[in-house]
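Listed below are the residues making up each chain.
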Amino acid sequence: MSTEFGEHRLAVVGAGVMGTNISALALGHGVPVVLVDVDQATLKTATATIKQKLRHAQLLGVLPEGREQGTLTTTVNLLDVADATTVVEAVVEIPEVKKKVLGTASSIVSPGTTLISNTSCISIDEMAPWVDRPQELLGVHFMNPAYMIKMVEVIRGSNTDPAVLAAAVDLLSVLGRESIVINDSTGFVINRLLHPLINTAAMLVQEGVASAEDVDNLLEGCLGHSTGPLRTGDLIGLDNLVDSLNVLYKARGDESCNPCELLLQKVRDGHHGRKSGKGFYDYGKVA
Ligand SMILES: NC(=O)c1ccc[n+]([C@@H]2O[C@H](COP(=O)([O-])OP(=O)(O)OC[C@H]3O[C@@H](n4cnc5c(N)ncnc54)[C@H](O)[C@@H]3O)[C@@H](O)[C@H]2O)c1
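By convention here, each chain's residues receive numbers from 1 onward along its written sequence. A pLDDT threshold of at least 70 governs which residues receive local features in this predicted model, and a stricter bar of 80 or more applies before side-chain atom pairs are shown or counted, although totals over entire chains, interfaces and linings include all residues.

### Focus: the overall build of the chain
A tally of helices and strands in the chain yields 10 helices and 8 strands. For the chain, the C-alpha radius of gyration of 18 Å lies close to 19 Å, the compact-globule estimate for 287 residues. Overall, the C-alpha framework of the chain stretches about 55 × 40 × 35 Å when taken along its three principal axes. Burial in this document is a count-based property: other C-beta atoms within 10 Å of a residue's C-beta are tallied, and the residue is buried at 20 or more, exposed at 12 or fewer, or partly exposed in between, with C-beta positions derived from the backbone. With 287 residues in all, the chain has 47% of them scored as buried. Long-range contacts, defined here as pairs at least 24 residues apart, represent 69% of the contacts in the chain between residues at least 6 apart. Working definition: helices are DSSP H or I runs of at least four residues, strands are E runs of at least two. Numbering for both runs from the N terminus. The globule rule used here is 2.2 Å times the number of residues to the 0.38 power, and the radius of gyration it is set against is calculated over C-alpha atoms. By the convention adopted here, residues are in contact when the distance between their C-beta atoms, placed from the backbone, does not exceed 7 Å.

The structure is reproduced here in structure tokens:
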């Protein structure tokens, strides 16, 4: 695959928090994006969100200067990923949903098309039997916001072809990202460490040991955490966090990954964090 950004055509499946982040990152680096989701209303909101993110990224000076933005095409038809050089799957962290989307996408694209999952926790080897060509599958754990955090966690499955991995790292460098390549393991490095921390922080609030603000302030002030774990949970989305914790708990049986009642209650109440306007903190409006 060429390193010229003009040669890349990205398809992003899932237009939520991460699909819009990844699309903005690619468009801002001149790469065209076909964005897929299940309904037009989501795609309409996503288009507005991507515009906002691109403006934000420009204001922060994190996009290459003088590069023409890529074009965005939105669609509810997964068949439209057919011409992509790389497909990034960014649908909900529910194995059955990912299985269907990855399986269908891999049957649509031509051999030689890189398949990336932006999964938070699901093992790449677990996904391998879901796709037609496991050698073309790998994990890329983009951070949130994807256009601001330069580093990405890249996960090599047991079947991933080294040439496919190299092409993905090449694409990520075109997008201005710095890759750290690791071996496969449920939760990888980041979320095996981060998700139990956020769950434990929520448990401390549930037990009345400290308020959300005090927990976050302690982690920030004493340990130098950039936002505190509960603000991070709100940024991730508490619904996604619970789904990811469930994947980790099922695979590892570690009680610190068993989503606590307070998290479950917030999800039941529709308090999903920034994206719904309320989580551990009140954002006043949908952010
Ligand atoms: N939120 C984060 O900070 C973060 C960070 C890194 C990785 N991730 C991972 O990225 C993925 C997406 O997470 P998110 O936070 O964007 O979730 P989200 O809930 O905000 O968005 C998921 C999107 O997927 C869409 N979707 C569901 N089924 C679909 C289908 N069959 N076809 C097309 N679209 C479909 C939904 O309509 C929704 O718009 C998850 O695997 C998550 O674990 C999330």
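Once you've had a look at it, read on.
### Side note on the nonpolar core
Each nonpolar core comprises buried Ala, Val, Leu, Ile, Met, Phe, Trp, Tyr and Cys residues, the members being joined through C-beta atoms within 7 Å. Grouped together as the largest cluster of nonpolar side chains are 78 residues, with contacts concentrated most on Val13 and Val87. Domain boundaries shown here were taken from an automatic or database domain assignment. Two domains each provide a minimum of three residues to this core, namely domain 1 (5-183) and domain 2 (191-276). Setting aside residues no more than four positions away along its own chain, Val13 makes contact with Val36, Leu78, Val81, Val87, Glu89, Ala90, Val91, Val101 and Ala105.

### Concerning the domain arrangement of the chain
Each assigned domain of the chain is listed with its residue range as follows: domain 1 (5-183) and domain 2 (191-276). At the junction of the two partners, domain 1 supplies 8 residues and domain 2 supplies 10 residues. For this classification, the nonpolar set comprises Ala, Val, Leu, Ile, Met, Phe, Trp, Tyr, Cys and Pro, the charged set comprises Asp, Glu, Lys and Arg, and every other residue, Gly included, is treated as polar. Its residues placed into classes, the side of domain 1 that touches domain 2 shows 5 nonpolar, 2 polar and 1 charged.

### Description of the site of the ligand
Near, for a residue, is defined by distance from a backbone-placed C-beta atom to a molecule or strand, with 6 Å as the limit that must not be exceeded. If you check the shell around the ligand, you find 27 residues, and the closest are Gly14, Gly16, Met18, Ser120 and Asn144. Of all the secondary-structure elements, those providing two or more residues to the shell around the ligand are α1 (17-28), α3 (95-108) and α9 (238-252). Among the elements that make up the shell around the ligand, the one with the highest residue count is α1 (3 residues). The class makeup of the residues in the shell around the ligand is 13 nonpolar, 12 polar and 2 charged. Here the shell around the ligand spans two domains, since at least three of its residues come from each of domain 1 (5-183) and domain 2 (191-276).

### A look at the pairing of strand β4 (residues 86-89)
With burial as the criterion, each face of β4 is covered, one bearing Thr86 and Val88 and the other bearing Val87 and Glu89. By the convention used here, strands pair only if DSSP detects at least 2 bridges between them. Relative to β4, strand β1 (residues 10-13) runs parallel, the two sharing 4 bridges. The partner of Ala11 across the bridge, within β4, is Val87. In this structure, β4 lies alongside strand β5 (residues 114-117), joined through 4 bridges in parallel fashion. Pairing of Val87 across the sheet is with Leu115, part of β5. Orienting the strands away from the viewer, one traces the path from the first strand over the helix to the second; a clockwise path indicates a right-handed crossover. In this region the chain leaves β4, passes through α3 and returns to the parallel neighbour β5; the handedness of that crossover is right-handed.

### Things to note about the sheet that holds β5
The 8 strands are arranged β3-β2-β1-β4-β5-β6-β7-β8 in an open sheet whose pairing can be described as mixed. Edge strands, defined here as strands with exactly one partner in the open sheet, are β3 (72-75) and β8 (178-183). Within the sheet, the average angular offset between the axes of one strand and its neighbour, ignoring direction, is 25 degrees. The axes are straight lines fitted to the C-alpha atoms, using for helices just the contacting stretch, and the angles between their N-to-C directions are given from 0 to 180°.

### Here's the deal with the environment of Gly187
Within the fold, Gly187 resides in the loop between β8 and α6 (190-206). According to the C-beta neighbour criterion, Gly187 is buried, with 25 such atoms within 10 Å. It is 32 Å that separates the C-alpha atoms of Gly187 and Arg55, two residues lying 132 residues apart in sequence.

### Quick word on the packing of α6 against helix α8 (residues 229-236)
It is at 9 Å that the axes of α6 and α8 come closest, and there the two elements cross at 115 degrees. Classified by the angle between their axes, α6 and α8 sit roughly perpendicular to one another. Where α6 crosses over α8, the handedness of that crossing is left-handed. Each of Leu197, Ile198, Ala201 and Ala202 in α6 lies in contact with α8, whose residues at this interface are Pro229, Leu230, Thr232 and Gly233. Split by residue class, the contact of α6 with α8 holds 6 nonpolar, 2 polar and no charged. For this classification, under 35 degrees means roughly parallel, over 145 means roughly antiparallel, 65 to 115 means roughly perpendicular, and everything else is oblique. Throughout, a crossing is termed right-handed when the near helix is turned clockwise from the far one, and left-handed when it is turned anticlockwise from it by less than a right angle.

### As for unusual backbone geometry
If a residue is not glycine, its phi is most likely negative; likewise, a peptide bond is most likely trans. Pro145 follows Asn144 through a cis peptide bond whose omega is 0 degrees. Positionally, Pro145 belongs in the loop between β6 (137-141) and β7 (151-156). Positive phi is not limited to glycine here, since Phe188 has a value of about 55 degrees. Relative to the helices and strands, Phe188 resides in the loop between β8 and α6. The class of Phe188 is buried, set by 22 C-beta atoms lying within 10 Å.

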